[in-house]
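# Structural overview for review
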Amino acid sequence: MKRNDKTDSMLREARERFDRAHDAESNMRLDMIDDLRFKNGDQWDESTRAQRETEDRPCLTVNRLNQFHRLVMGNIRQNSPSMKVMPVDSGDDVEVAELLEDLIRQIEHESRAKQAYMWAADRQVACGYGAFRVVNEPASDDVFEQVLRIKRIRNPFTVYFDPDAQELTRQDAKYCFVTETISKEEFEARWPKATLGDFAGSETGETYERWYTKDSVRIAEYWRKVPVTKTLWLLSDGRTVDADKLTEEDFYAVQNGLLEVVREREAKSHKVMYSKIAGGEELEPAKEWPGRYIPIIPVYGEEEDIEGVTTYKGIIRDAKDPQRLYNYWNTTNAELIALQPRAPYLITQKQLEGHKGWWKLAGKTNVPYLPYNPDPQAPGAPQRQPPPQISTAVIQMQAQSQDDMKASTGIYDSALGNASNETSGRAILARQAQTDTGTFVYMDNLAAAIEHCGRILVDLIPHIYDTQRIVRVRGEDGEEKAVPVNQPVMTQQGPQILHDLTRGKYDVRIVVGPSYATKRAEAAESMIQFIQAIPGAGAISGDLIAKNMDWPGADQFAERLKKLLPPGMDEDAPPQQPDPMQQQMAMLQMALQEAELQLKRAEAEDKIADAMESRADAAKKMAEAAKESMDVEAMQFAYRQLMAVLPPGMQPQAPPQGGNQNPPSAGFFMPSP
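Rules behind the numbers
Residues numbered from 1 in each chain as written. Predicted model: local features only at pLDDT ≥ 70, side-chain atom pairs only at ≥ 80, totals over all residues. Heavy atoms only, no water. Helix = DSSP H or I, 4+ residues; strand = E, 2+ residues; numbered from the N terminus. Contact = heavy atoms within 4.5 Å. Areas by Shrake-Rupley, 256 points an atom, 1.4 Å probe, with all protein chains shown as cover. Axes fitted to C-alpha atoms, helices over the stretch in contact; angles between N-to-C directions. Parallel < 35°, antiparallel > 145°, perpendicular 65-115°, else oblique. Left-handed = near helix turned anticlockwise from the far one by under 90°. Nonpolar A, V, L, I, M, F, W, Y, C, P; charged D, E, K, R; others polar. Core = buried A, V, L, I, M, F, W, Y, C linked by side-chain atoms within 4.5 Å. Buried < 20%, exposed > 50% of the residue type's maximum accessible area, 1.4 Å probe, protein only. Pairing = 2+ DSSP bridges. Salt bridge = Lys/Arg side-chain N within 4 Å of Asp/Glu carboxyl O. Patch = residues over 30% accessible without salt bridge, like charges linked within 9 Å, V, L, I, M, F, W, Y side chains within 5 Å. pLDDT = per-residue confidence, 0-100. Lys, Arg positive; Asp, Glu negative; His and termini not counted. Charge placed at Lys NZ, Arg CZ, Asp CG, Glu CD.

### Quick word on the overall build of the protein
Across its full length, the protein carries 19 helices and 19 strands. At a minimum sequence separation of 6, the contacts of the protein that also span at least 24 residues come to 69%. Surface accessibility of the protein: about 41000 Å² in total, with carbon and sulfur atoms responsible for 52%.

### Topic: the packing of helix 5 (residues 113-127) against helix 14 (residues 440-464)
At a closest axis distance of 11 Å, the pairing of helix 5 and helix 14 adopts a crossing angle of 140°. Our classification of the angle between helix 5 and helix 14 gives oblique. The two elements helix 5 and helix 14 cross, and the hand of that crossing is right-handed. Packed against helix 5, whose contacting residues are Tyr 117, Met 118, Ala 121, Gln 124 and Val 125, the element helix 14 presents Val 441, Tyr 442, Asn 445, Leu 446, Ile 450 and Cys 453 at the interface. Along the lines of polarity and charge, the residues of the contact of helix 5 with helix 14 split into 9 nonpolar, 2 polar and no charged.

### Some words on the nonpolar core
Core analysis: the biggest nonpolar cluster contains 79 residues, and Ile 76, Phe 132 and Tyr 465 have the highest contact counts within it. Per-element accounting of this core gives the leading share, 12 residues, to helix 14.

### Focus on the sheet that holds strand 10 (residues 296-300)
If you walk across this open sheet you meet the 3 strands as 3-2-10, and the pairing is antiparallel. Whereas interior strands pair on both sides, the edge strands pair on one side only; in this sheet they are strand 3 (146-152) and strand 10. Adjacent strand axes in the sheet meet at a mean angle of 20° when their direction is disregarded. Relative to strand 10, strand 2 (residues 129-138) runs antiparallel, the two sharing 5 bridges. What sits directly across from Arg 133, in strand 10, is Ile 296.

### Concerning the environment of Lys 562
As for its position among the elements, Lys 562 is in helix 17 (residues 554-563). On the basis of relative accessibility, which here comes to 19%, the residue Lys 562 falls in the buried class. Here the alpha-carbon distance between Lys 562 and Leu 544, two residues 18 residues apart in the chain, equals 8.5 Å.

### Re the pattern of salt bridges
By the definition in use, this model includes 27 salt bridges. For the salt bridge of Arg 52 with Glu 335, the shortest nitrogen-to-oxygen distance reads 4.0 Å. In this pair, Arg 52 is assigned in helix 2 (residues 46-54) and Glu 335 in helix 8 (residues 320-338), connecting sequence segments 283 residues apart. No difference in accessibility class separates Arg 52 from Glu 335, as the two residues are buried. Of the charged contacts, one joins Arg 190 and Glu 186 as a salt bridge, the two residues approaching to 3.4 Å between their closest N and O atoms. On the criterion of helical spacing, the pair formed by Arg 190 and Glu 186 is a turn pair, its members being 4 residues apart in helix 6 (residues 184-190). Taking relative accessible area as the criterion, Arg 190 reaches 36% and is therefore assigned partly exposed. Salt bridges linked by common partners bring Asp 34, Asp 35, Arg 317 and Lys 320 together as one network.

### Digging into the pairing of strand 15 (residues 469-474)
Taken together, the 6 bridges between strand 15 and strand 16 (residues 480-485) define a ladder with antiparallel strand orientation. Each bridged residue has a counterpart across the sheet, and for Val 473 the counterpart in strand 16 is Lys 481. Connecting the antiparallel pair strand 15 and strand 16 is a turn made up of 5 residues, with Gly 478 showing a positive phi of about 90°.

### Description of a nonpolar patch on the surface
A cluster of nonpolar side chains, Ile 337, Ile 390 and Ile 395, forms an exposed patch at the surface whose accessible area comes to about 250 Å². By the secondary structure assignment, Ile 337 is in helix 8. A residue is classified by how much of its surface remains accessible, and Ile 337, at 45% relative accessible area, is partly exposed.

### Comments concerning the confidence of the model for the protein
Of the residues in the protein, 79% have a pLDDT of 70 or more, and the chain-wide mean is 81. Contacts from residues 654-673, a stretch scored under 50 in pLDDT, to residues over four places away or in other chains number 27 contacts.

### Brief notes about a negative patch on the surface
Together, Glu 603, Glu 605, Asp 606, Asp 610, Glu 613 and Asp 617 make up a region of like negative charge exposed at the surface. By the element assignment, Asp 610 lies in helix 18 (residues 580-629).

Structure representation (structure tokens):
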């Protein structure tokens, strides 16, 4: 490749940074590698094993730590974290946030991201360190469109982060290396123009000792953050944009006065650069990464910082000595039992003469007889000595080492399936919850890593999915659908962009719990219990219960049951169009009912009028009779009767207080004024 001062400076900086990252983690990585070997059964030190094999003594390995490791991983697999996307500002589109969440779920599905998550978690639990990454690649081999994918990093020890980074997810790291060691022949085949011969010899010195050997070459992806200063504009529509990265639409709007720059300021930021290097050679030209994060995500186990030295460990580290003791006492016990049939004989030299071959076989095979020579000095025939007895102390120490493994891992009998003192289901669940709490650090750190992965994806999506296209998204229930994004449409407010993924700020939160399939099974069981308690609910919810079942044909059952719902219960059913004939019949029926009501009202009014007229005549006659008889009480009664039949507007006013209460002597009957 072409060399210049800028490239040489970059390579020199890369080598210095790699040496620093390598030295900072070298001891910790040795412990991690030992953890992995120990987990896989290499649990005796070489000198002890060699000595025992020389002495023809057993050297047993009963690996119980895998059980603890599988238990923690099983819990993580059953409760894998999921991402939730939400708008940062109140003005951002909630619908776009939901679309981003569905798009991320589709990216995870197409990437088989769970394999990447679980492999990183497996390394995290085993030795304290795992990693995965985000990449962009062509959607297929015949298009220009790019897609995002989540990939696992099989060997996390190929990843080296900036040792000055403080965040658990290393999102504040200034640089990162992803290395690969290949043979010299493969290197020359892949990069035939690289001048390996110029710097791979002895004259290169210590600077390159970690990059080249006689037969191999280390190549590395060198990710770094380069400081930049950018100009920020606050636009009149409330958005803050980078003046150097305006879209064509925003540039046109600013130029033509459709948008106004309200405020402007300089801000210090960074850009992410990527290079592929081999110590003293830049194998591929440096490129700018579209996002603001280095797309490598570490997953750490338990973290300790002692006097500035940070170490990470998994569940194996503290349980190694109890496992060694368990192996030792198990071996000792087996050795004692194996020696039972090999108990030695008490025999004299004269009895043994000429028969040593037979007696040598006595401790190895089942010989039919053992000849010996009579010896007058001996009390009798050769006598077998009592065999070595199995010590109760050995058994107790074996049990103690098992308890020590449980204590060091925080996983006890109830979680391991062993019977304990608890009898009630509540007590058993409480004890199991103690185990989940004791190992939750691994789940929590994995959730933090996946949350950071979500932020990387949300940051990259506007740059990768920046053109008008149809993308496939996946809902929480696993159903796929095609959605147009960045699609220009005409609305009542003018031209708009449908599902604009390039605007707005969004953040990611993590929800840890059962996967959707598990939630469906749990929901179905709860629904069945509910309709058993309230049988009437089954008639209006049978389709929902069938939809949440996992057996074949459940969807068809749900569709058929949905058709039996009462009108208006099916929210997905299209609105029914009214029948014109039925509308006319209904209107005619309403008209007939109204006419009937009016007729009955008129008849009732006529009857009331006749009754009022009769009552008024009777009151009048009563008043005239009372007048002739000058009966005051009769006059007042007649007055009350007459008032009851007069309309309110025709009723006379009551007399003032203290006025003459005598009825008039003539004319219409009323109180005197």
